[in-house]
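# Structural overview for review
The chain contents come next:
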Amino acid sequence: MLEFYKNKKVLVTGHTGFKGSWLCKILAEAGAVVTGFSLEPPTEPNLFTISHVENDIESVIGDIRDRKKLMEVFEKTQPEIVFHLAAQPIVRDSYKDPVYTYETNVMGTVNICECVRLNPCVKSFLNITTDKVYENKEWEWGYRENEPLDGYDPYSNSKSCSELVTHSYINSFYNDMDVAVSTARAGNVIGGGDFANDRIIPDCVRAAQKGENIIVRNPYSTRPYQHVLEPLAMYLMIAEKQYEDKKYAGFYNVGPDDCDCVTTGELVDLFCYKWGEGLSWINKHDGGPHEASFLKLDCSKIKRTFGWRPVWHIDVTIEKTVEWTKVWLNNDDVCAEMKRQIKEFFKRERKCK
């Protein structure tokens with residue numbers, strides 16, 4: 001798969017974020033010519049800086065709401081492939097600032113879609129959204145791609161709108177153009193280098209770093225957890241296949257197997273076991289804003305279409321996250337560790353097919 005990207009001109013929005021930084025590392029290792037467009041890194045510390053992503057790509061700092069600047073980047077770099085990851089991604093933050101969330105996640109999507117429409121150099125465009133786009137009835141079976149889109153909170157709802165914007169551009173413009181467009185709805189991703197606020201694994205890392213108990217506010221909520229390399233591998237696969245044949249364009253759930261849909265409490269138990277050093281956690285529900293207690297994806301479509309199977313299940317996912325984190329805390333070579341994990345993952349990914 002990665003051989004396809006050698007010398008391809010690729011634009012990644014949101015490249016300074018957690019997933020964006022890992023994606024840029026993969027693409028750089030594959031020999032792609034990568035341009036990133038994003039705000040400054042969202043946290044301190046952050047993976048973008050720690051792993052020296054800026055040395056691997058052309059990094060442009062800009063706001064996805066600024067269509068003029070985004071258009072200038074398109075016109076200058078003439079990308080063949082576009083991955084749209086830029087977003088306001090935190091549920092609780094969306095309650096604090098819903099207007100900014102909608103401006104970024106909805107109008108940001110309009111802007112990127114418009115740039116793709118006006119730049120025929122683009123042959124493959126993938127909008128990355130979330131598993132939270134679905135109207136969540138909290139049933140025990142996975143949501144399929146044809147289920148209603150109606151996220152509850154401002155973040156989830158704005159990503160539902162992002163999907164609808166993309167669908168409209170497909171129907172109104174892209175079907176008559178030489179460009180293939182898909183959306184990918186991914187479950188919760190974890191891995192080394194996530195320093196976001198209000199996410200369980202970064203909370204675990206911060207507690208471990210301080211030698212404190214991990215505070216878990218909702219240990220009974222069930223989520224589809226996967227290593228960050230899992231959805232990134234599928235984004236790369238979708239973008240490649242639809243570049244080669246437009247019939248692969250569509251809407252895809254990208255999530256783990258059912259065995260990796262675990263409660264937050266089970267996830268933290270596993271993290272404590274892998275970390276060692278007597279790390280433990282306490283249940284401390286804080287009465288925060290509404291979040292779904294159960295969410296699962298049906299990923300049979302992407303498995304059927306591409307023959308995909310998850311590479312790292314939850315046990316290995318936590319193990320790799322702990323390994324990366326301890327490399328960072330020991331001031332060892334983070335870039336080398338990322339390259340090692342990428343190489344190991346894609347070697348096993350080939351064997352899984």
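Just so it is clear, the structure is predicted and the values come from calculations on it, not from any experiment.

### Observations regarding the overall build of the chain
The helix and strand inventory of the chain stands at twelve helices and twelve strands. Taken against the 2.2 N^0.38 rule, which gives 20 Å for 353 residues, the C-alpha radius of gyration of the chain at 19 Å falls within 12% of a compact globule. Along the longest, intermediate and shortest principal axes, the C-alpha atoms of the chain span 60 × 45 × 40 Å. Residue burial in the chain is summarised as follows: out of 353 residues, 59% are buried. A fraction of 81% describes how many contacts in the chain between residues 6 or more apart in sequence connect residues 24 or more apart. When the accessible area of the chain is evaluated, it comes to approximately 14,600 Å², of which 48% is carbon and sulfur surface. In the chain, 44 positive and 52 negative side-chain charges are present, and the distance between their average locations comes to 4 Å.

### Details of the nonpolar core
Tyr5, Trp22, Leu27, Phe83 and Leu236 are the most contacted members of the largest nonpolar core, which has 61 residues in total. Top contributing element to this core by residue count: helix H8 (residues 229-244), with nine residues.

### Thoughts on the sheet that holds strand S11 (residues 261-263)
Hydrogen bonds along the backbone pair up the strands of a sheet, which may run parallel or antiparallel. The strand order across the open sheet built from three strands is S7-S9-S11, with neighbouring strands paired in mixed fashion. Across the chains shown, the open sheet's two edge strands, defined by having one partner strand only, are strand S7 (188-190) and S11. Within this sheet the neighbouring strands show an average axis-to-axis angle of 50°, counted without direction. Contacts from H8 reach S7 and strand S9 (222-227) within the one sheet, and its direction differs from that of S9 by about 70°.

### Some thoughts on the packing of helix H7 (residues 200-210) against helix H9 (residues 264-275)
One can describe the packing of H7 onto H9 by two numbers: an axis separation of 11 Å at closest approach and a directional angle of 35°. Crossing geometry of H7 relative to H9 is assigned as right-handed. Only Thr264, Leu267, Val268, Phe271 and Trp275 of H9 make contact with H7, whose side of the interface consists of Ile200, Ile201, Cys204, Val205 and Ala208. Here the residues of the contact of H7 with H9 sort into nine nonpolar, one polar and no charged.

### Side note on helix H11 (residues 314-329)
Helix length check: H11, at 16 residues, gives a terminal C-alpha distance of 22 Å against a target of 22 Å (1.5 Å per residue), a fit within 8%. With its phi angle positive at about 60°, Asn331 sits one or two positions after the end of H11.

### Quick notes on the pattern of salt bridges
Under the defined criterion, the tally for this structure stands at 26 salt bridges. Put simply, Arg117 and Glu114 hold a salt bridge, and the shortest N to O gap is 2.6 Å. With a gap of three residues between them, Arg117 and Glu114 both fall in helix H5 (residues 98-118), about one helical turn apart. Given the relative accessible area of 13%, Glu114 is considered buried. Among the salt bridges present, the one from Lys137 reaches Glu135, with a minimum N-O distance of 3.4 Å.

### Let's talk about the environment of Asn283
Structurally, Asn283 can be placed in strand S12 (residues 281-283). Measuring from C-alpha to C-alpha, the distance between Asn283 and His52 comes to 37 Å, with 231 residues separating the pair along the chain. In contact with Asn283, other than residues within four places in its own chain, are Val216, Pro219 and Tyr220.

Definitions and limits used
Residues numbered from 1 in each chain as written. Predicted model: local features only at pLDDT ≥ 70, side-chain atom pairs only at ≥ 80, totals over all residues. Heavy atoms only, no water. Helix = DSSP H or I, 4+ residues; strand = E, 2+ residues; numbered from the N terminus. Rg over C-alpha atoms; globule rule 2.2 N^0.38 Å. Buried < 20%, exposed > 50% of the residue type's maximum accessible area, 1.4 Å probe, protein only. Contact = heavy atoms within 4.5 Å. Areas by Shrake-Rupley, 256 points an atom, 1.4 Å probe, with all protein chains shown as cover. Lys, Arg positive; Asp, Glu negative; His and termini not counted. Charge placed at Lys NZ, Arg CZ, Asp CG, Glu CD. Core = buried A, V, L, I, M, F, W, Y, C linked by side-chain atoms within 4.5 Å. Pairing = 2+ DSSP bridges. Axes fitted to C-alpha atoms, helices over the stretch in contact; angles between N-to-C directions. Left-handed = near helix turned anticlockwise from the far one by under 90°. Nonpolar A, V, L, I, M, F, W, Y, C, P; charged D, E, K, R; others polar. Expected span 1.5 Å × (residues − 1). Salt bridge = Lys/Arg side-chain N within 4 Å of Asp/Glu carboxyl O.

Shape descriptors only; they carry no functional weight alone.
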